[in-house]
Every structure is written in structure tokens, then in C-alpha cells.
Amino acid sequence: MSGFDETLLDDADETVRVRFVVNGRKVACEVAPRETLVDCLRNALELTGTHAGCEMGACGACLVQLDGRAVHSCLMFAVQADGAKINTIEGLTESGVIADLQAEFHHRNALQCGFCTPGMLVNAHELLSQIARPSRDEIRDALSGNYCRCTGYEAIVDAIDAVAKARKESGGGT
Amino acid sequence: MKARAFSYFRAATIDQALDAHARAGDDARFIAGGQSLVPALSLRLQAPRLLIDITHIEELRGVRREGGYLRIGALTRHCEMLSEPLIAEFAPLLHAAAPFVAHPAIRNRGTFGGSVALADPASEFPAMTLALDAEIEIAGPSGSRRVKADDFFVELFETALQPGELITAIYVPLFKADQRFAFDELARRRGDYALVGCGMLATCTGERIDDIRISFFSVGNTPTRVKGAEATLIGSRLDAERIAAAQAALEGDLAPPDSDDVPPAMRLHLARVLLGRLLGRLGEGA
Ligand SMILES: Cc1cc2nc3c(=O)[nH]c(=O)nc-3n(C[C@H](O)[C@H](O)[C@H](O)COP(=O)(O)OP(=O)(O)OC[C@H]3O[C@@H](n4cnc5c(N)ncnc54)[C@H](O)[C@@H]3O)c2cc1C
Ligand code: FES
Ligand code: FES
């Protein structure tokens, strides 16, 4: 009945092999069970665009796309993501799906130090894929879990609002 | 900070999960969305030997009608409370509460079963199971049972769940045509835990309230039904006088704890304000 092997209990310090598809490429890593996904992405896979801030779900700097949804990579162990499809800010950049958001962030000074930016972009990308033309209140609401210590948020809301409008006018969704 | 080392096991069935828990001598934790457990592990508030991933157990998924109930699988994510049509139609109070639970990315992973199991007194969903007269389905080594929400929340972060038991689903009585609901909370910022929050479900004949269940969160050690306030409303029409009587009854129903940032008198005041607003909206819903 059980797939549980008790010897596993003595292996807490041993690494296990996990496989995922990261930014369209199949990868395998050796991770300790306690290693968070953000650490695995940054250290083993050297994808340092995903930032580790608070490491407890409060700041949003670590957002990635997991099986199509924005999630905090600090609130997940890499072993939990075994078999998942992950897109980090590097992959989203490469594929061009957020090029207009990035250009607008740049154009409107919606970043200064840039620490929060990858998380803001992952979040904004998901928002615009769900609501084509969000109100400013809806944008602020969606960003409520993303901290920015530099910009004061106004320019970030402006940028997302402008992209939503531009996409709508050009008739495209995402 | 990083979690202490643990072993990880991905369970494929309920039986596997229960068995693994028992064989780890209950020095184990089930992990669902991980949105509360991972921070607790990272801060080393908890340090189990074994983490049992329950998110791949098919039996814990899905939302469907079963008799007079909506059966909501424990793994139903907070975001599905917003997107699932059956929930909007048959459990609209949960649908209304969902946007207030955390932030979008946390709602993408956090689960209904995890929220109810944790029983955070500041959480929206545990309190709403009380207002809805829901039943919690629990699987354990000695079989499966159903516990009424009224009997489930025992003390601060303490529930009817015994170590090694798993919530499999939550059963919510189907919303009916003669019912009305209202939900709201007062928070410093959107997405923050509420200073005070409340949800209610009433059954009416025309303007008369035949039955009402009102549940508050962020007011004490557990989600709290306000039975004194409920009693002032049952059998009456919702007019200004009745609403004032219900508000006055809160003093006997609630005993907010002393906390650094919100004194008890302020919390009680906010609870009265919120109750007045929600009963007003319930009346307009005629
Ligand atoms: C920044 C932040 C803000 C938040 N804001 C809010 C908020 O405003 N309102 C709110 O309600 N919540 C909030 N949360 C918490 C979030 O809603 C959690 O998702 C939820 O409380 C727990 O669900 P989970 O599936 O993530 O559970 P997990 O974290 O996986 O587990 C929590 C606990 O429940 C146990 N457990 C999980 N599933 C089961 C089951 N089926 N049977 C038995 N035991 C189980 C676990 O062993 C663990 O002890 C917030 C979290 C963060 C990080
Ligand atoms: S690092 Fe994940 S939310 Fe802050
Ligand atoms: S740009 Fe510095 S934190 Fe946002």
C-alpha cells in the first residue's frame, strides 16, 4: 500500500535529484530537501534575475511562473517543483512576452535599484493575462504583495496601465 | 534563515500520507500550499523530520455537488475560490471572501484545506466555514469522520484534528434562493490580515430573518460566532433598531485580547462598525 520507505527518515541531509523545465529547457539538479526553489534557481542554475529578499512571502522579489501561475519561489522547496514548468524573468525576457512591459518600465522610470523589478514584471504579466484592462485600483491591488523601496509605486502603476491600454488599442491580448 | 534539514516524501494517496506520518512517529508535517508552513520552517518555528507533500493526491482535489452540499476538496486553491463557477453559485460567501485572502501569488498556491487546518484566527476562510455551517471531513488512522465547523476550532491554532490526521474536504450546504450573505473586513492595507473581519449568511422570508449565522475573525483566539447578536436578529425585520441591538450585543459576544497595536476597546468598536455596515447591506439585498 505504502510508497513510504522508512530509511528516508535518515537521509535528511542527502540530496535528491529533481527535474524541471526551466525557461523551456529540461534541467536536472541535486538538491537537499530543505533547499528553496529560489536558492536552487540562483545557485545551482545561476538564474540570478529571481531575487531573494525577505524569504518569507512578504516582498514579492522572488516571483516566478510555475506551471503558468505566478508563485513565490521562496515559499517552495525545490523538491516540490519536481516535474514542473518554470519560467523565470530570464525566460520571460528571452521569449519577448514582456518586452512592452520592460520598455514601459524603462521609459517611465518605474525602477531605480531594480531589486523589485523581476517580481513586479512577473506579477504584472499575470495580471494583464487575466484582466486585459485593469483599473488603477486593480493594478495596485494586484501589486499589494510586491514591495518597492525606491519608486513610490506611482510610476510602476503608470507603466502597467500604459501597457494595458496599448495592448488593448493594438487589439492584442498577451 | 533556512529550514532545518528534513526528509521529503511525495504521497500519491491518502493512505500513503497517513502511513508515512505514523511511521515518522508523528514528527512530520503535511505540506499543501506551503504558504504558511514554509515561512514557519524557514524561521525554524517548526522543524519536523519529515515533510509529506499532499498536493499530488488526486482524492483531495475537485469541487462538486454531493446531496445538499458542495464538496470542496482540501487542495482547492484560494484562486479557485474566485474562478470556480460552482463556488460562485453555491458558496458565494467564500467567493466574496477570497479576494481578501493575501495577495494574488499566495492565492495561486494556498489551499482551502491548509487554511482551515491552520485555523489562524485572523484568516478569512476558517471563520467563513462557521458562518456557512460547513462540515470538515477528516481522514485518520482510524477512518474518516465529519466534524461541524462549530466543533472544529478549539483554541488558538488548535482544532479537532489529531496529530497525523488529514482534512480531505470541506462540505458547504448549498446556497439557496431565500438566503443572503455579506462579507467585509477592515485592514490597514489591502492583502494584510484584517484588524477585524466578518461574514454572515441569513435565511429570510421576505423581510424577516428566519435564521442567521455571523462569524468574526481577528477578534480573539479562534474564529468566533456571535450568538448573542444572532439571537437579537432572528425572527425580526432588519431595521435600524434591530441593527443597533445586534451591535450592542457584541459586547457580550466578543472579548478581544489585549494587543500592542489594537486595544480591545478599539477592536470592539471596529467590530460594531463592521456589523452595522454588513447588516445594512444584507437589508439592501432584499
Ligand atoms: C505574506 C502572506 C500573507 C498572507 N495573508 C493572508 C491573509 O490575509 N488571510 C489568510 O487567510 N491567509 C493569509 N496567508 C496564509 C495563506 O492563506 C496560507 O496559504 C494558508 O493559511 C495555508 O494554506 P496552505 O495550503 O498554504 O497550507 P500549508 O502552509 O501547506 O500548511 C499550513 C498548515 O496546515 C497543515 N495542513 C495543510 N493542509 C492540510 C490538510 N489537508 N489536512 C491537515 N493539515 C493540513 C500543514 O501541516 C501546516 O501545519 C498569508 C500568507 C503569506 C505568506
Ligand atoms: S523573497 Fe520571496 S517574498 Fe520576499
Ligand atoms: S526599484 Fe528599488 S526596490 Fe523597487
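Residues numbered from 1 in each chain as written. Chains lettered and ligands numbered in written order. Predicted model: local features only at pLDDT ≥ 70, side-chain atom pairs only at ≥ 80, totals over all residues. Heavy atoms only, no water.

Novice: How should I be thinking about the sheet that holds strand β1 (residues 7–10) of chain B in this particular structure?
Specialist: Two orientations exist for strands paired in a sheet by backbone hydrogen bonds: parallel and antiparallel. All names here are of chain B. The strand order β1-β3-β2 describes an open sheet built from 3 strands, whose pairing is parallel. Among the strands making up the open sheet, the edge pair consists of β1 and β2 (28–31). When the angles between neighbouring strand axes are averaged without regard to direction, this sheet yields 25°. Pairing analysis gives 4 bridges linking β2 to strand β3 (residues 50–53), with the strands arranged parallel. Paired with A28 across the two strands is L50, which belongs to β3. (Pairing = 2+ DSSP bridges. Helix = DSSP H or I, 4+ residues; strand = E, 2+ residues; numbered from the N terminus. Axes fitted to C-alpha atoms, helices over the stretch in contact; angles between N-to-C directions.)

Novice: What exactly am I supposed to notice about the domain arrangement of chain A here?
Specialist: You'll often see interface size given as the accessible area lost when the parts meet. Residues and elements named next belong to chain A. When the domains of chain A are assigned, the result is domain 1 (7–93) and domain 2 (96–170). Inter-centroid distance (C-alpha atoms) of domain 1 to domain 2 is 24 Å. With both sides pooled, the region where domain 1 packs onto domain 2 buries about 1,400 Å², and carbon together with sulfur makes up 59% of that total. Between domain 1 and domain 2 we count 1 salt bridge in total. Its salt-bridge partner being R69, residue E126 comes within 3.8 Å of it at the nearest N-O pair. In this assembly, domain 1 and domain 2 are joined by 8 residue pairs in polar contact (both at pLDDT 80 or more). Class assignment of the residues belonging to the side of domain 1 that touches domain 2 gives a composition of 9 nonpolar, 7 polar and 1 charged. (Domains from an automatic or database assignment. Buried area = accessible area lost by both parts, 1.4 Å probe. Salt bridge = Lys/Arg side-chain N within 4 Å of Asp/Glu carboxyl O. Polar contact = N/O pair within 3.5 Å; in protein donor to acceptor, adjacent residues only side chain to side chain. Nonpolar A, V, L, I, M, F, W, Y, C, P; charged D, E, K, R; others polar.)

Novice: What should I look at first to understand empty space enclosed by the protein in this one?
Specialist: Where empty space is left in the structure can be found by rolling a water-sized probe over the atoms. With the rule as written, the count across this model stands at 4 cavities of 30 Å³ or more. Roughly 40 Å³ of volume is contained in the largest cavity. Forming the walls of the largest cavity are G60(A), L63(A), H72(A), N123(A), A142(A), G145(A), N146(A), H103(B), P104(B) and A105(B). For the lining of the largest cavity, a count of residues per class yields 4 nonpolar, 6 polar and no charged. (1 Å grid on protein atoms, 1.4 Å probe; cavity = no way out; pocket = protein on both sides within 12 Å on 5 of 7 lines; lining within 4 Å. Points joined across faces, edges and corners; volume = space filled by probe spheres on them.)

Novice: Where do I start with the nonpolar core in this structure?
Specialist: Nonpolar side chains in soluble globular proteins generally cluster together in the buried interior. With 40 residues, the main nonpolar core has I72(B), L94(B) and F152(B) as its most contacted residues. At the level of secondary structure, the elements contributing two or more residues to this core comprise β5 (69–73), α4 (85–90), α5 (92–97), α7 (112–118), α8 (124–131), β6 (135–140), α9 (149–152) and β10 (166–173) of chain B. Ranked by residues supplied to this core, first place goes to α8(B) with 5 residues. Counting contributing residues per domain, this core is built from domain 2 (58–173) and domain 3 (179–284) of chain B, each supplying no fewer than three. For F152(B), the contacting residues outside a window of four places in its chain are V116(B), I136(B), I138(B), V147(B), E158(B), T159(B), A160(B), L161(B) and I167(B). Formed by 32 residues, the second largest nonpolar core is a distinct cluster that contains V38(A), C40(A), A78(A) and V79(A). (Core = buried A, V, L, I, M, F, W, Y, C linked by side-chain atoms within 4.5 Å. Buried < 20%, exposed > 50% of the residue type's maximum accessible area, 1.4 Å probe, protein only. Contact = heavy atoms within 4.5 Å.)

Novice: I keep staring at the environment of R65(B) and nothing clicks. Help me out?
Specialist: With respect to the helices and strands, the residue R65(B) is situated in strand β4 (residues 63–66). As a C-alpha pair, R65(B) and Y171(B) span 106 residues in sequence and 9.3 Å in three-dimensional space.

Novice: Could you clarify how one ought to interpret the domain arrangement of chain B in this entry?
Specialist: Residues and elements named next belong to chain B. Assigned domains within chain B: domain 1 (7–53), domain 2 (58–173) and domain 3 (179–284). In this structure, domain 1 and domain 2 have C-alpha centres spaced 19 Å apart. Listed by partner, the interface residues are 12 residues for domain 1 and 19 residues for domain 2. Our enumeration of links across domain 1 and domain 2 arrives at 0 salt bridges.

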